[in-house]
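Okay, here's what each chain looks like letter by letter:
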Amino acid sequence: MQDIDVIVIGAGAAGMMAAASASQRGRGVALIDHSERLAEKIRISGGGRCNFTNLHCTAERYVSRNPHYCKSALAQYSQHDFIELVNRHGIAWHEKKLGQLFCDESAQDIIDMLKAECDQGGTVWRMATSVEGIERLDSGFIVRTSREHWRCQSLIIASGGLSIPPIGATGFGYEVAKQFGLPLTPLAAGLVPLTFEPKDLYGELAGVSLDCDAHAGAGPHFRENVLFTHRGVSGPAILQISSYWTPGQEIALDLLPGRDAAQLFEEAKRSDMLLPNVLADWLPKRFAQAFCAAHIAIKPMKQYSAAELAQISGHLHDWRVKPSGSEGYKKAEVTRGGVDTDALSSKTMMARKVPGLFFVGEVVDVTGWLGGYNFQWAWASGWVAGSVA
Ligand code: FDA
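It should be emphasised that the depicted structure is a prediction, and the values quoted were computed from it without experimental measurement. (Residues numbered from 1 in each chain as written. Predicted model: local features only at pLDDT ≥ 70, side-chain atom pairs only at ≥ 80, totals over all residues. Heavy atoms only, no water.)

## Thoughts on the packing of helix H1 (residues 13–23) against helix H12 (residues 373–386)
As a packed pair, H1 and H12 sit with axes 7 Å apart at the nearest point and diverge in direction by 30 degrees. As the angle between them shows, H1 and H12 are arranged roughly parallel. Between H1 and H12 lies a crossing of right-handed hand. For the pair formed by H1 and H12, the contact residues are Ala13, Ala14, Met17, Ala18, Ser21 and Ala22 on the first element and Phe375, Ala378, Trp379, Gly382, Trp383 and Gly386 on the second. Looking at the contact of H1 with H12 residue by residue, the classes come out as 9 nonpolar, 3 polar and no charged. (Axes fitted to C-alpha atoms, helices over the stretch in contact; angles between N-to-C directions. Helix = DSSP H or I, 4+ residues; strand = E, 2+ residues; numbered from the N terminus. Parallel < 35°, antiparallel > 145°, perpendicular 65-115°, else oblique. Left-handed = near helix turned anticlockwise from the far one by under 90°. Contact = heavy atoms within 4.5 Å. Nonpolar A, V, L, I, M, F, W, Y, C, P; charged D, E, K, R; others polar.)

## Quick word on the side chain of Ser381
Position of Ser381 among the secondary structure elements: in helix H12. There is a polar contact of 3.0 Å between the side chain of Ser381 and the backbone nitrogen of Gly361. (Polar contact = N/O pair within 3.5 Å; in protein donor to acceptor, adjacent residues only side chain to side chain.)

## Looking at the site of the ligand
Looking at the ligand, there are 31 residues lining it, with Ala14, Asp33, Thr170, Glu362 and Phe375 nearest. Here an oxygen atom of the ligand and a backbone polar atom of Ala14 are 2.8 Å apart. A distance of 3.2 Å is found between an oxygen atom of the ligand and a backbone nitrogen or oxygen belonging to Gly46. Against a free-state accessible area of 990 Å², the protein chains account for coverage of 91% of the ligand. Those elements that provide at least two residues to the shell around the ligand are H1, helix H2 (40–44) and H12. At 4 residues, H12 tops the list of elements feeding residues into the shell around the ligand. Grouping the amino acids of the shell around the ligand by side-chain chemistry returns 13 nonpolar, 14 polar and 4 charged. (Near = heavy atom within 4 Å. Areas by Shrake-Rupley, 256 points an atom, 1.4 Å probe, with all protein chains shown as cover.)

## Here's the deal with the domain arrangement of the protein
Split into domains, the protein comes out as domain 1 (2–188 + 333–388) and domain 2 (194–326). One C-alpha centre belongs to domain 1, the other to domain 2, and the line joining them spans 39 Å. Each side of the interface is counted separately: domain 1 has 7 residues, and domain 2 has 11 residues. Here domain 1 meets domain 2 over a buried area of about 780 Å², counting both sides, of which 52% is carbon and sulfur. When the buried surface of domain 1 facing domain 2 is broken down by residue, Arg336, Trp369 and Leu370 rank first, second and third, together holding 64% of it. The interface formed by domain 1 and domain 2 holds 1 salt bridge in total. Between the two partners, domain 1 and domain 2, sit 6 residue pairs in polar contact (both at pLDDT 80 or more). Residues belonging to the side of domain 1 that touches domain 2 are distributed by class as follows: 4 nonpolar, 1 polar and 2 charged. (Domains from an automatic or database assignment. Buried area = accessible area lost by both parts, 1.4 Å probe. Salt bridge = Lys/Arg side-chain N within 4 Å of Asp/Glu carboxyl O.)

## Some details on the pairing of strand S14 (residues 222–228)
Note: strand S13 (residues 209–216) against S14, 6 bridges, orientation antiparallel. Considered in S14, the bridge of Leu210 is made with Val226. Between the end of S14 and the start of strand S15 (residues 232–234), which pair antiparallel, lie 3 residues. (Pairing = 2+ DSSP bridges.)

## Topic: the packing of aromatic side chains
Tallied over the full model, the rule gives 15 aromatic pairs. Ring centres of Phe291 and Trp319 lie 5.6 Å apart, and the angle between their planes is 70 degrees; on these two criteria the pair is classed as edge-to-face. On the criterion of sequence distance, the pair formed by Phe291 in helix H10 (residues 285–295) and Trp319 in strand S17 (residues 319–321) is long-range, its members being 28 residues apart. The residues Phe291 and Trp319 share a single accessibility class, namely buried. Plain terms: the ring middles of Phe375 and Trp379 are 5.2 Å apart, the flat faces sit at 15 degrees to each other, and that makes the pair stacked. With Phe375 and Trp379 both in helix H12 and 4 residues apart, this pair spans about one turn of that helix. Ring-pair connections join several aromatic residues into one group, and the members of that group are Phe52, Phe82, Trp93, Phe375 and Trp379. A cation over an aromatic ring shows up here: Lys96 above the ring of Phe102, its NZ or CZ 4.7 Å from the ring centre. (Phe/Tyr/Trp six-rings, centres within 6.5 Å; stacked < 30°, edge-to-face > 60°. Buried < 20%, exposed > 50% of the residue type's maximum accessible area, 1.4 Å probe, protein only. Lys NZ or Arg CZ within 6 Å of the ring centre and 35° of its normal.)

What follows is the structure, encoded as structure tokens:
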């Protein structure tokens with residue numbers, strides 16, 4: 001049995017940040033991960049360039065049962081703090097769009113930076129090590145692993161969510177929460193493509209993308225691209241609304257955002273042109289054809305009544321589609337839901353009823369929008385826990 005101040009389980013984004021922050025305070029820290037390779041999710045993120053934060057990070061851009069929970073951590077360790085760290089390590093970066101910051105070179109730069117920060121504090125690394133059990137002591141915990149057994153004062157769970165199991169995702173953190181009697185909010189795939197039933201499949205549209213204004217239920221509107229796939233829809237607008245979508249619900253797409261279909265029809269309504277050809281002025285031709293075939297008898301423009309044109313216009317600005325499901329955890333960027341924030345302190349990430357036990361990163365019921373928000377939550381929550389653990 002070895003004694004150490006802090007054990008962190010999960011050497012991903014939040015876990016490395018927590019280990020760096022605790023070890024640089026002089027705490028003895030062991031960082032345990034069952035994977036052989038370090039921080040695979042950072043490595044594959046942002047198309048290999050890691051969208052590491054967002055200039056416009058605010059609590060409104062996170063989904064959680066308690067929308068206020070993330071505020072304290074995001075204020076204690078902001079996007080500007082992380083940018084300062086990246087600059088200190090001489091990592092070149094750029095803003096792509098909408099405040100999204102990416103590495104110029106490679107996501108590996110962020111992994112190397114975090115590893116160096118952990119090493120600076122003397123973090124003990126335990127990769128390829130599985131956790132076999134956790135016990136609570138009067139003060140602290142025993143953590144039994146495949147290599148050794150540890151006794152620690154503080155235990156930080158940073159084992160992430162369920163998305164992309166082949167690179168090491170497990171439900172470990174949720175099981176630890178249950179072991180200590182902490183509630184979970186319902187889990188679901190988030191930032192994920194949505195699927196259509198085969199009968200609704202616009203299969204011939206695979207590869208078509210369009211600028212849309214999309215929303216699901218009472219969730220916010222996102223003006224971004226929608227991409228048709230062989231199984232349904234993807235693209236940034238769909239990934240964003242998927243985090244607000246519940247099964248059985250329709251999604252709504254304005255296919256002509258910022259434009260007025262009625263005006264387009266006004267100009268063409270006396271012509272012999274077929275409707276899809278008119279729409280092809282503003283929409284991809286393949287999409288215009290499939291959309292018309294699905295919704296209305298195709299005929300020359302002059303044969304439509306005013307009521308028919310108004311109805312088509314309504315469809316174009318508020319196209320309702322009911323997805324049959326999502327692509328699930330194998331394609332999701334994140335897991336929605338997690339350890340219920342009511343059970344945790346928003347200032348420290350510590351479980352209210354289990355002193356010394358912390359939950360950080362994606363395992364907590366805090367899910368960011370697409371665009372660097374999830375990493376910022378991982379950095380902020382990890383740093384906050386590491387600064388008190
Ligand atoms: P993370 O998943 O990073 O780390 C968890 C660690 O725990 C892993 O190393 C895992 O091996 C380990 N672990 C799991 N179970 C264990 C067990 N039983 N025992 C020991 N260790 C265990 N976000 C963003 O802001 N910008 C972006 O560009 C992207 N891009 C992106 C692309 C793709 C393809 C995906 C799947 C996700 C993203 N994300 C993203 C989301 C982002 O990757 C995610 O929110 C963070 O990595 C979460 O950080 P955590 O540290 O909480 O979990």
